[in-house]
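One-letter residues, chain by chain:
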Amino acid sequence: MAMWRAAARTPGINEYELEAIFAAETMRLGLRHLGYPSIVGAGRNAATLHYERNDQPCVGSDLVLVDAGAEWQGYTADITRTFPANGKFESKRRDIYNAVLDVQNTAIQAMGPGVNWRMIGDAAKVQTVQALIDLGIVRGNARDAVAAGVAGLFLPHS
């Protein structure tokens, strides 16, 4: 949240400044090491897989993608978040954000002892593609689209 607030109140803040806020917040909480180089990309950079330059300004309604993690006793937990640089989602972007949040919440609720994580991932792919169909971004049947590899266009690590 500190990164989102800083971006919203500081027009033109640089990606590396947001990276520094993440590092400072994790260290303030006692996590002394980052798990890997942080990815903080705004605008077109947010669409570049594994972008690490983190050297451009965050402008206007640019979406900012953050993929960062901190290490605790040899374990790294990461977060991936997207937020608008100016603090307010445009309508279509808010709809997509909420659809992704719904998929995430459904997957989290499905987790538990003995649950096969691959089944949760497969269900998340179908739910994601169905949401994209509902939003008019993708056409067709969700299961057929997933079988054809459409989910991989939006979930490159899946």
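Each remark here, short or long, concerns the structure printed above.
Small disclaimer: the values here were computed from a predicted structure and weren't measured.

Draft legend 1. Seen up close, the environment of Gly 41. For Gly 41, the location among the structural elements is in strand β2 (residues 39–42). Sequence separation between Gly 41 and Cys 58 is 17 residues, and the spatial gap between their C-alpha atoms is 8.2 Å. Dropping the residues within four chain positions of it, Gly 41 is found in contact with Glu 15, Ala 46, Tyr 51, Leu 63, Val 64 and Leu 65.

Draft legend 2. Quick peek at a nonpolar patch on the surface. A cluster of nonpolar residues, Ile 137, Leu 153 and Phe 154, forms a patch on the protein surface that exposes about 300 Å² of accessible area. Mapped onto the elements of the fold, Ile 137 is located in the loop between α4 (117–134) and α5 (142–147).

Draft legend 3. The packing of aromatic side chains, seen in detail. Under the counting rule described, the total for this entry stands at three aromatic pairs. Measuring from centroid to centroid gives 5.9 Å for Trp 4 and Phe 89, while their planes differ by 85°, and the two rings are edge-to-face. In this pair, Trp 4 is assigned in helix α1 (residues 2–9) and Phe 89 in the loop between β4 (75–84) and α3 (91–110), connecting sequence segments 85 residues apart. Residue classification places Trp 4 among the partly exposed positions, given a relative accessible area of 22%. For the ring pair Phe 89 and Tyr 97, a centre distance of 4.7 Å and an interplane angle of 40° mean the geometry is tilted. With a relative accessible area of 28%, Tyr 97 lands in the partly exposed category.

Draft legend 4. Just unusual backbone geometry, in detail. With a phi angle near 65°, His 50 is a residue other than glycine that sits in the positive phi range. Topologically, His 50 is positioned in the loop between β2 and β3 (63–72). Since its relative accessible area comes to 48%, His 50 is described here as partly exposed. In this structure, Asn 54 takes a positive phi of about 50° despite not being glycine.

Draft legend 5. Here's a closer look at the packing of α3 against α4. At a minimum axis separation of 10 Å, α3 and α4 run at an interaxial angle of 160°. The angle between α3 and α4 places the two elements in the roughly antiparallel class. Along this stretch, α3 crosses α4, giving a crossing that reads as right-handed. Of α4, the residues touching α3 (which contributes Ala 99, Asp 102, Val 103, Thr 106, Ala 107 and Ala 110) are Ile 120, Ala 124, Gln 127, Thr 128 and Ala 131. In the contact of α3 with α4, the residues fall into seven nonpolar, three polar and one charged.

Conventions we followed
Residue numbers here run from 1 along each chain, matching the order of that chain's written sequence. Restriction of local features to residues with pLDDT of at least 70 applies here, the model being predicted, together with a cutoff of 80 or more for giving and counting side-chain atom pairs; totals for whole chains, interfaces and linings are based on all residues. Only heavy atoms go into the side-chain values, all of them from the structure, while hydrogens and water stay out. For the purposes of this entry, the term helix denotes a DSSP run of H or I that reaches at least four residues, the term strand denotes a run of E that reaches at least two, and both are numbered from the N terminus. By definition, residues are in contact when any of their heavy atoms lie within 4.5 Å. Each patch is built from salt-bridge-free residues with over 30% relative accessible area, joining like charges within 9 Å and nonpolar side chains (Val, Leu, Ile, Met, Phe, Trp, Tyr) within 5 Å. Per-residue accessibility takes into account occlusion by the displayed protein chains alone, with areas from the Shrake-Rupley method and a 1.4 Å probe. When a carboxyl oxygen of Asp or Glu is within 4 Å of a side-chain nitrogen of Lys or Arg, the pair counts as a salt bridge. Each aromatic pair joins two rings of Phe, Tyr and Trp (for Trp, the six-membered one) with centres within 6.5 Å, and gets the label stacked for planes under 30 degrees apart, edge-to-face for over 60, and tilted for any other angle. Only protein chains enter the calculation, and the probe is 1.4 Å; a residue is then buried if its accessible area is under 20% of its type maximum, exposed if over 50%, and partly exposed in between. Angular values range over 0 to 180 degrees, each being the angle between N-to-C directions of two axes fitted as lines to C-alpha atoms, with helices fitted over their stretch in contact. Should an angle fall under 35 degrees it is taken as roughly parallel, and over 145 as roughly antiparallel, whereas 65 to 115 is taken as roughly perpendicular and any remaining angle as oblique. Should the near helix be turned counterclockwise from the far one by less than a right angle, the crossing is left-handed, whereas a clockwise turn marks it as right-handed. Gly falls in the polar group here, along with every residue not listed as nonpolar (Ala, Val, Leu, Ile, Met, Phe, Trp, Tyr, Cys, Pro) or charged (Asp, Glu, Lys, Arg).

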